[in-house]
Amino acid sequence: MKNFLEGVFAWKTAAAMMFSASVILCAVIMLFTGEDAVAIPVLASLLLVSAGGTFLQLLAFTDRIIKRMRYTARMAVFAIPFLALLAANAYFFRWFPMENTMYWLTFVGVFLLVFIGGTIAFEVYFRVMGKKYDGLLGQYRKQREAEK
């Protein structure tokens, strides 16, 4: 039960952070497009995307639910349902004109660019941090050997 509650707390915290960032990003975009208010349906769609997206992150990128899975499979477990969640929200909340195929292609293209860019950024970050910690571990081992 404790593990479940910790997972719910982690999900709730991440969802709140994602929702806050989404609202700020939406407000900045609206500022540049001349809008002066955020509609309640827009906030509702951002809340749904934030709650669902952070649940998918918890599902795909932690070992709380899925214990063993390759990283590439985890990426698919996240990306495919998240794209479906975004597309459903785009459709039901009318994020853009639904009839125009070009808007949908642009929507999917932007999703793929952001997803691939984010994946590359995380890979670079983890490699840099891994080298940093390898160096610190090497220094620690040398220090321990010198003390003996």
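Residues numbered from 1 in each chain as written. Predicted model: local features only at pLDDT ≥ 70, side-chain atom pairs only at ≥ 80, totals over all residues. Heavy atoms only, no water.

This paragraph deals with the layout of surface pockets. Considering only enclosed or pocket space, the largest pocket measures out at about 1,500 Å³ in volume. Leu25, Val49, Phe82, Leu86 and Val114 are, among the 39 residues lining the largest pocket, the residues nearest its centre. Secondary-structure elements contributing two or more residues to the lining of the largest pocket are helix H1 (2–33), helix H2 (40–61), helix H3 (71–92) and helix H4 (101–147). With eleven residues, the top contributor of residues to the lining of the largest pocket is H4. (1 Å grid on protein atoms, 1.4 Å probe; cavity = no way out; pocket = protein on both sides within 12 Å on 5 of 7 lines; lining within 4 Å. Points joined across faces, edges and corners; volume = space filled by probe spheres on them. Helix = DSSP H or I, 4+ residues; strand = E, 2+ residues; numbered from the N terminus.)

Before going further, it helps to spend a moment on the packing of aromatic side chains. Under the defined criterion, the tally for this structure stands at 14 aromatic pairs. Residues phenylalanine 78 and phenylalanine 115 carry aromatic rings whose centres are separated by 6.3 Å and whose planes lie at 20 degrees to one another, so their mutual orientation is stacked. Of this pair, phenylalanine 78 sits in helix H3 while phenylalanine 115 sits in helix H4, and the two are 37 residues apart along the sequence. Ring centres 5.2 Å apart and planes at 80 degrees place the aromatic pair tyrosine 91 and phenylalanine 92 in the edge-to-face group. A residue is classified by how much of its surface remains accessible, and tyrosine 91, at 42% relative accessible area, is partly exposed. (Phe/Tyr/Trp six-rings, centres within 6.5 Å; stacked < 30°, edge-to-face > 60°. Buried < 20%, exposed > 50% of the residue type's maximum accessible area, 1.4 Å probe, protein only.)

The next point concerns the environment of leucine 46. Along the chain, the position of leucine 46 falls in helix H2. Sequence-wise, leucine 46 and threonine 106 are 60 residues apart; in three dimensions their C-alpha atoms are separated by 19 Å.

Another point: the environment of valine 49. With respect to the secondary-structure elements, valine 49 resides in helix H2. Using a relative accessible area of 7% as the deciding quantity, one classes valine 49 as buried. Ignoring sequence-local partners within four residues, the contact set of valine 49 consists of Met18, Thr54, Phe82, Leu85, Leu86, Asn89 and Trp95. (Contact = heavy atoms within 4.5 Å.)

This next bit is on the nonpolar core. Formed by 16 residues in total, the largest nonpolar core has its most connected members in Phe78, Phe82, Leu86, Phe111 and Phe115. Those elements giving two or more residues to this core turn out to be H2, H3 and H4. With six residues, the top contributor of residues to this core is H3. Excluding residues within four positions of it along the chain, phenylalanine 111 makes contact with Ala79, Phe82, Leu83 and Leu86. (Core = buried A, V, L, I, M, F, W, Y, C linked by side-chain atoms within 4.5 Å.)

For the rest of this paragraph, the subject is the confidence of the model for the protein. Taken residue by residue, the protein gives an average pLDDT of 88. The fraction at 70 or more is 100%. The weakest mean pLDDT in the protein belongs to H4 at 86; the strongest belongs to H2 at 93. (pLDDT = per-residue confidence, 0-100.)

Here we take up the environment of tyrosine 125. Structurally, tyrosine 125 is set in helix H4. For tyrosine 125, a relative accessible area of 47% corresponds to the partly exposed category. Note: C-alpha distance between tyrosine 125 and threonine 106 (19 residues apart in sequence) is 28 Å.

Along the chain, serine 50 turns up in helix H2. In this structure the side chain of serine 50 is engaged in a polar contact, spanning 3.3 Å, whose partner is the backbone nitrogen of phenylalanine 19. Not counting the four nearest positions on each side in its chain, serine 50 is found in contact with Ala15, Met18, Phe19 and Ser22. (Polar contact = N/O pair within 3.5 Å; in protein donor to acceptor, adjacent residues only side chain to side chain.)

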